[in-house]
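# Notes for the structure review
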There are 2 protein chains.
Amino acid sequence: MLNLAQKIRAALGEDPVDILLKNAMLVNVLSGEIHEADIAIKDDIVIGLGDYQAKQTLDLKGKFVCPGLIDGHLHLESSMLSIPEFAANVVPQGTIAVVADPHEIANVMGAEGIKHILRTSENCPLKVYIMFPSCVPATPFETSGATLGPKDMLEFRDEPRILGLAEMMNYPGVLFQDQEVLDKIEAFEGKPRDGHAPGLSGKQLCAYIAAGIGSDHECSTLEEAREKLRLGMKIMIREGSAARNLDSLLPLVNSENSRNCFFVTDDLEPDDILSRGHIIALLRKAVAKGVNPIRAVQMASVNTAQYFGLRNMGAVASGYKADLMVVDDLKDFTVRQVFSSGELVAENGKMVVSSSSVGSVEPIRSFNVNWEKTQDISVSGNGAKINVIGVIPGQIITTNLVEAPKTVDGVITSDTERDILKIVVIERHNGTGSNGVAFIKGFGLKRGAIGGSVAHDSHNIIVIGVTDEDIILAAHEIDKMGGGMVAVDNGKLTAKLPLPIAGLMSDKPISEVQANLQKLNAAAKELGCPLDSPFSTMSFMALTPIPELKLTDLGLFDSLNFKFTSLFAAM
Amino acid sequence: MLNLAQKIRAALGEDPVDILLKNAMLVNVLSGEIHEADIAIKDDIVIGLGDYQAKQTLDLKGKFVCPGLIDGHLHLESSMLSIPEFAANVVPQGTIAVVADPHEIANVMGAEGIKHILRTSENCPLKVYIMFPSCVPATPFETSGATLGPKDMLEFRDEPRILGLAEMMNYPGVLFQDQEVLDKIEAFEGKPRDGHAPGLSGKQLCAYIAAGIGSDHECSTLEEAREKLRLGMKIMIREGSAARNLDSLLPLVNSENSRNCFFVTDDLEPDDILSRGHIIALLRKAVAKGVNPIRAVQMASVNTAQYFGLRNMGAVASGYKADLMVVDDLKDFTVRQVFSSGELVAENGKMVVSSSSVGSVEPIRSFNVNWEKTQDISVSGNGAKINVIGVIPGQIITTNLVEAPKTVDGVITSDTERDILKIVVIERHNGTGSNGVAFIKGFGLKRGAIGGSVAHDSHNIIVIGVTDEDIILAAHEIDKMGGGMVAVDNGKLTAKLPLPIAGLMSDKPISEVQANLQKLNAAAKELGCPLDSPFSTMSFMALTPIPELKLTDLGLFDSLNFKFTSLFAAM
């Protein structure tokens, strides 16, 4: 890092700069213009615009330069990639920073998980900033690997890369003035505190905002976003693998409010990273839909930086971090070069530097299953009807079906004819031996089982299958790998994706992750599953905040009435 | 102040709010719309928009509500008013906050002056924020009342109302990497650091910005402002009593950059406060010139708040300070009501609460003149030509004239026939007895003398007159009043404006200040002075950074070559 005197001397031209990007067309997000510029870089910053003596000169021949792109909200774990692998795939697309909520790894490993993300993203060409997870555990209705309270937050508050409080999903807690929730909000007083409040409006929304929540990424309609914007929230326009709101929200953006809107992905699966692209996908789509390219670039860079208080980021100007991308045009935004902190890090879609940090792809063992208490997952029946989780293909909400169980010798079994399968959630963090058993309709397996250690939000082992033997085998295989996803067929492992980093992320390249995912999906199909993304759908079957019926290691949960319920339906 | 739980309960409607402004047309600077709203206020904040139960309801009948106005850069001392009197005159115009650089009082009293401003503006309906003066003394070429170095800055850095470093006028010091200047900049690392760099461009400008300077209020041409904006500066668009740049700079503002521009006044004299108006004058003028009213209001409120890191200010939204004005229309912006921190403070142009704080109008004695050493202000001449300060009416720059002196018995005297008058600057802070004597052309006095204790930047006593007797009398009268401005005529005081607060500000109402100023101007005219604002012009005759020839207590100064020069012209 240059000291002040060095910056001044370089800017004056007294010392040579490192790199001069000559003949650029600069998308200047500060002056709101596109203009010719020679961009001088020294060390990690843009030192000035002008004709400078440089150690290295690149003639851009009129190519466009935009600030590097920033994702304002995502869960890195959703990519199932290690940080260097994620970086290696998004940096060549022009992403130079993400603001991550490490909610998943924190639910597994607590503060250690956050430290892991911080440590393994040091010196990464992708700048990884953290919003401190606000809801660990997400609810008291499942066993998580850790609990993070207001005191933990105070400990992390002054960490430079921890920018604020991550999405406060517990908006009922805010509205009920739950003291611990309020303490968490106050722990990050003066810093950004992100929201998560789908559909909240009127006085409840006013209360949520007055409490200090400054953003929302859950708007799905124009009206919802308009109300939130009017009341003072920043609107994160989201296009991820699951939720995509850009079409709905873009009409909100006008000349006088665009500064309060920016792009996020929330969750992005490996396939989408490769096929659609990261933040650049939103940029392209916005421009294709008629947004002025300068304004679109602002929503992918400087607006985000300003909300998060990332001074001297998000623009290409004197003293700003030299994070930028060179693109052929402002329509397809074909990325030629990416500079991160003044260093050329990617060219023509490939990294030209390593993105690996010390320990960043080392497995982190996070399994502690009490197998002794988990041998028997049988359920006795007395003929009474049972509550069954009803899957809606492509959605994370479920229905609560009431069905007559198939019973053999007083034991309720999967019924492949009516597609009623056993689902099991096995506690994997603390060796408690607690496990939940229930039934689910919609996965269509005719034999075998599928399972995984990605199960929002506590990420216990979740398995759906036909026989108890295959279910237990699947769970064991997951444990053996230190986490991951499996398919088993009649006593045999037929496909697997190891996720040895906390049971959430792979230590392998994206190509291998994708290949394994394809094999898993094919194996599930082979077992009879009609769903497009069975493993992704399964991972939401333990997510209690989302209605209507879910299963955790502590039992079947009625997410409409927010309480545990019985396997057996009320008469 | 409400705690979090109280805010939430009020926003939910569980507790009644204090005030409901019903049927407002809200100029929403966040959503970029004008929309109907009922605005609920509790304690000092806007708690929400909606139909709330309130202790007091005001039906606005479709009147417009704008956020209260903010002046992003001014010197309060220029108004010559005490803080409560300044507030009482600008708050009814919708101004609810100023970011002041107390440069003048700091040059007189140092840190004590800054503390005085902080103390006497506590609990004022006008929120007074401070940028810490960067150049005390402004130059080493005169004797100031105090010196403020980087260590003083560190002491004040965490004071909540001190927002950053005030205009770094010493840009040569920045460019020369003067260590003390760099230390001052670093003392406010992470906070706004204002610039002052008229005409600076190219690599020098890059260097100034790369050093951390984030704004400029000295742009006088569109090209200058555009270059500064492109390189990363916020552009303060200034309309004060002296410099007025709005006409030149408004064409700069577009949809994608307006957020980086905002309104300031810099210096505003009593007459202009009353006749033209404070920030509202810029708002009216911008709208008259075709700027979208929402955008114009943003430049007078939220843009300023965001640059200075004033969270939850500058807009009317949940959790924001309830600082707002009710106006009849968005053209004349006729102000009906002004609310500051939730309290109705002004109505129909008049304050309805007191703006006085403890001690705010008490005189502060700041005079320590060594009269013994200051009795004799005669100058011997040997017939050689002398350097004479040439006044340019209405400007603060001067010329360096070379004239033959009028000499009587070997002593150089004023020559009323050729309008060459004696000018004297008498050190008044430390009793050093140093005084500068020279001659000036352009004030046109035929007899008597005029003088004052406002003399930028060190504010020593400055007097221009015909006879030594009247000059010394004027200086004595200024000392006696504890500061102010006087006119004397042949041994008699003919007009005066006492400025007993540090020799800079009055303890009286604006009407009295204005009346006295008018009398002073009339008295100067009576003595033969043709200038419109002789006292204002005189106050810049000691300002060494402005060319061409100036006089300080330490002698005649060549501001072109930045060094002292001799009274006697080189042959």
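The structure reproduced in this document is the subject of the present report. None of the values given here were measured: they were computed from a predicted structure.

## Let's talk about the overall build of chain A
- When its secondary structure is counted, chain A shows 17 helices and 31 strands.
- Relative to the compact-globule value of 25 Å for 571 residues, chain A shows a C-alpha radius of gyration of 25 Å, a close match.
- A total of 571 residues make up chain A; the buried ones form 65% of that total.
- Contacts in chain A between residues at least 24 apart in sequence constitute 68% of all its contacts with a sequence separation of at least 6.
- When the accessible surface of chain A is split by element, carbon and sulfur atoms take 48% of a total near 19,300 Å².
- Of note, chain A has its 52 positive side-chain charges centred 2 Å away from the centre of its 71 negative side-chain charges.

## Description of the sheet that holds strand β23 (residues 420-426) of chain B
All names here are of chain B.
- Strand order in the open sheet made by the eight strands is β20-β19-β24-β23-β26-β25-β27-β28, with mixed pairing throughout. In this open sheet, the two edge strands, each paired with only one partner strand, are β20 (398-403) and β28 (492-498). Taking the axes of each pair of neighbouring strands and ignoring which way they run, one obtains an average angle of 25° across the sheet.
- By the bridge criterion, three bridges tie strand β19 (residues 386-391) to strand β24 (residues 435-441) in an arrangement that is parallel. Paired with I389 across the strands is I440, a residue of β24.

## Concerning the packing of aromatic side chains
- The final tally for this structure, using the stated rule, is 22 aromatic pairs over all chains.
- On the numbers, 4.4 Å between centres and 35° between planes, the contact of F141 of chain A with F557 of chain A is tilted. Of this pair, F141 of chain A sits in the loop between β8 (127-132) and α5 (150-156) while F557 of chain A sits in strand β30 (residues 555-558), placing them 416 residues apart in sequence. The burial state of F141 of chain A is the same as that of F557 of chain A; both residues are buried.
- One aromatic cluster in this structure is built from F141, F557, F562 and F564 of chain A.
- Its end group placed over the ring of Y52 of chain A, K203 of chain B keeps NZ or CZ at 4.7 Å from the ring centre.

## Here's the deal with the sheet that holds strand β18 (residues 379-380) of chain A
Residues and elements named next belong to chain A.
- Spatial strand order, β18-β22-β21: three strands in an open sheet with antiparallel pairing. Edge strands, defined here as strands with exactly one partner in the open sheet, are β18 and β21 (406-408).
- Two elements, β21 and strand β22 (residues 411-413), share three bridges in a ladder whose sense is antiparallel. Across the sheet, K406 pairs through a bridge with T413, a residue of β22.

## Brief notes about the interface of chain B and chain A
- The partner chain A presents 62 residues to the 62 residues of chain B that form the contact.
- Between chain B and chain A, the buried area comes to about 4,900 Å², and carbon and sulfur atoms account for 52% of it.
- Where chain B touches chain A, the interface holds six salt bridges.
- The tally of links between chain B and chain A comes to 28 residue pairs in polar contact (both at pLDDT 80 or more).
- Here the side of chain B that touches chain A takes seven residues from helix α1 (residues 4-12) of chain B, the largest share from any one element.
- A breakdown of the residues in the side of chain B that touches chain A according to their chemical character gives 26 nonpolar, 21 polar and 15 charged.

## Here we look at the relation of the copies chain B and chain A
- Rotating chain B by 180° and translating it 0.0 Å along the rotation axis places it on chain A, where the RMSD comes to 0.1 Å. What the superposition gives is, in effect, a two-fold axis relating one chain to the other. Taking C-alpha positions as reference, the residue of chain B nearest the rotation axis is S255 of chain B, located at 2.5 Å.
- When the interface residues of chain B are mapped onto chain A, 100% of them are again interface residues, pointing to one common binding face.

## Description of the pattern of salt bridges
Residue and element names in this part refer to chain A.
- Counted according to the given criterion, the structure contains 66 salt bridges over all chains.
- For D272, the salt bridge is made with R276, and the minimal N-O distance between the two is 3.9 Å.
- With a relative accessible area of 12%, D272 lands in the buried category.
- Looking at R276, the relative accessible area reads 22%, which means it is partly exposed.

## Details of the environment of A210 of chain A
- Looking at where A210 of chain A falls in the secondary structure, it is placed in helix α8 (residues 202-210).
- Of the residues examined, A210 of chain A reaches a relative accessible area of 4% and is grouped as buried.
- Counting along the chain gives 21 residues from A210 of chain A to L231 of chain A, while the straight-line C-alpha distance between them is 9.1 Å.
- Look past the residues within four positions of A210 of chain A in its chain and what remains in contact with it is K7, A11, I47, S318 and G319 of chain B.

## Quick look at the side chain of H73 of chain B
Residue and element names in this part refer to chain B.
- Take H73: it is sitting in strand β6 (residues 69-74).
- Taking relative accessible area as the criterion, H73 reaches 2% and is therefore assigned buried.
- Not counting residues within four places of it along the chain, the set of residues in contact with H73 comprises V99, D101, E167, H217, M236, V264, T265 and D266.

## A look at the packing of α8 of chain A against helix α9 (residues 222-231) of chain A
Residues and elements named next belong to chain A.
- Running from N to C, α8 and α9 point in directions that differ by 45°, and their axes come no closer than 10 Å. By the angle between their axes, α8 is oblique relative to α9. As α8 runs across α9, the sense of the crossing is right-handed. Counted together, G202, L205, C206 and I209 of α8 and E227, K228 and L231 of α9 form the full contact between these two elements.

## What to know about unusual backbone geometry
- Here the bond from V136 of chain A into P137 of chain A is cis, since omega is 0°, no more than 30 degrees from zero.
- In this structure, P137 of chain A sits in the loop between β8 and α5.
- Backbone torsion omega between H456 of chain A and D457 of chain A reads -5°, so that peptide bond is classified as cis.
- Position of D457 of chain A among the secondary structure elements: in the loop between β25 (449-452) and β26 (461-465).
- With phi around 55°, N490 of chain A is a residue other than glycine that occupies positive phi space.
- Structurally, the position occupied by N490 of chain A is in the loop between β27 (484-489) and β28 (492-498).
- One non-glycine residue with positive phi stands out, namely F333 of chain B, at about 50°.
- For F333 of chain B, the location among the structural elements is in the loop between β14 (324-327) and β15 (335-340).

Reading the values: the criteria
Residues numbered from 1 in each chain as written. Chains lettered and ligands numbered in written order. Predicted model: local features only at pLDDT ≥ 70, side-chain atom pairs only at ≥ 80, totals over all residues. Heavy atoms only, no water. Helix = DSSP H or I, 4+ residues; strand = E, 2+ residues; numbered from the N terminus. Rg over C-alpha atoms; globule rule 2.2 N^0.38 Å. Buried < 20%, exposed > 50% of the residue type's maximum accessible area, 1.4 Å probe, protein only. Contact = heavy atoms within 4.5 Å. Areas by Shrake-Rupley, 256 points an atom, 1.4 Å probe, with all protein chains shown as cover. Lys, Arg positive; Asp, Glu negative; His and termini not counted. Charge placed at Lys NZ, Arg CZ, Asp CG, Glu CD. Pairing = 2+ DSSP bridges. Axes fitted to C-alpha atoms, helices over the stretch in contact; angles between N-to-C directions. Phe/Tyr/Trp six-rings, centres within 6.5 Å; stacked < 30°, edge-to-face > 60°. Lys NZ or Arg CZ within 6 Å of the ring centre and 35° of its normal. Buried area = accessible area lost by both parts, 1.4 Å probe. Salt bridge = Lys/Arg side-chain N within 4 Å of Asp/Glu carboxyl O. Polar contact = N/O pair within 3.5 Å; in protein donor to acceptor, adjacent residues only side chain to side chain. Nonpolar A, V, L, I, M, F, W, Y, C, P; charged D, E, K, R; others polar. Least-squares fit on C-alpha atoms with pLDDT ≥ 70 in both. Parallel < 35°, antiparallel > 145°, perpendicular 65-115°, else oblique. Left-handed = near helix turned anticlockwise from the far one by under 90°.

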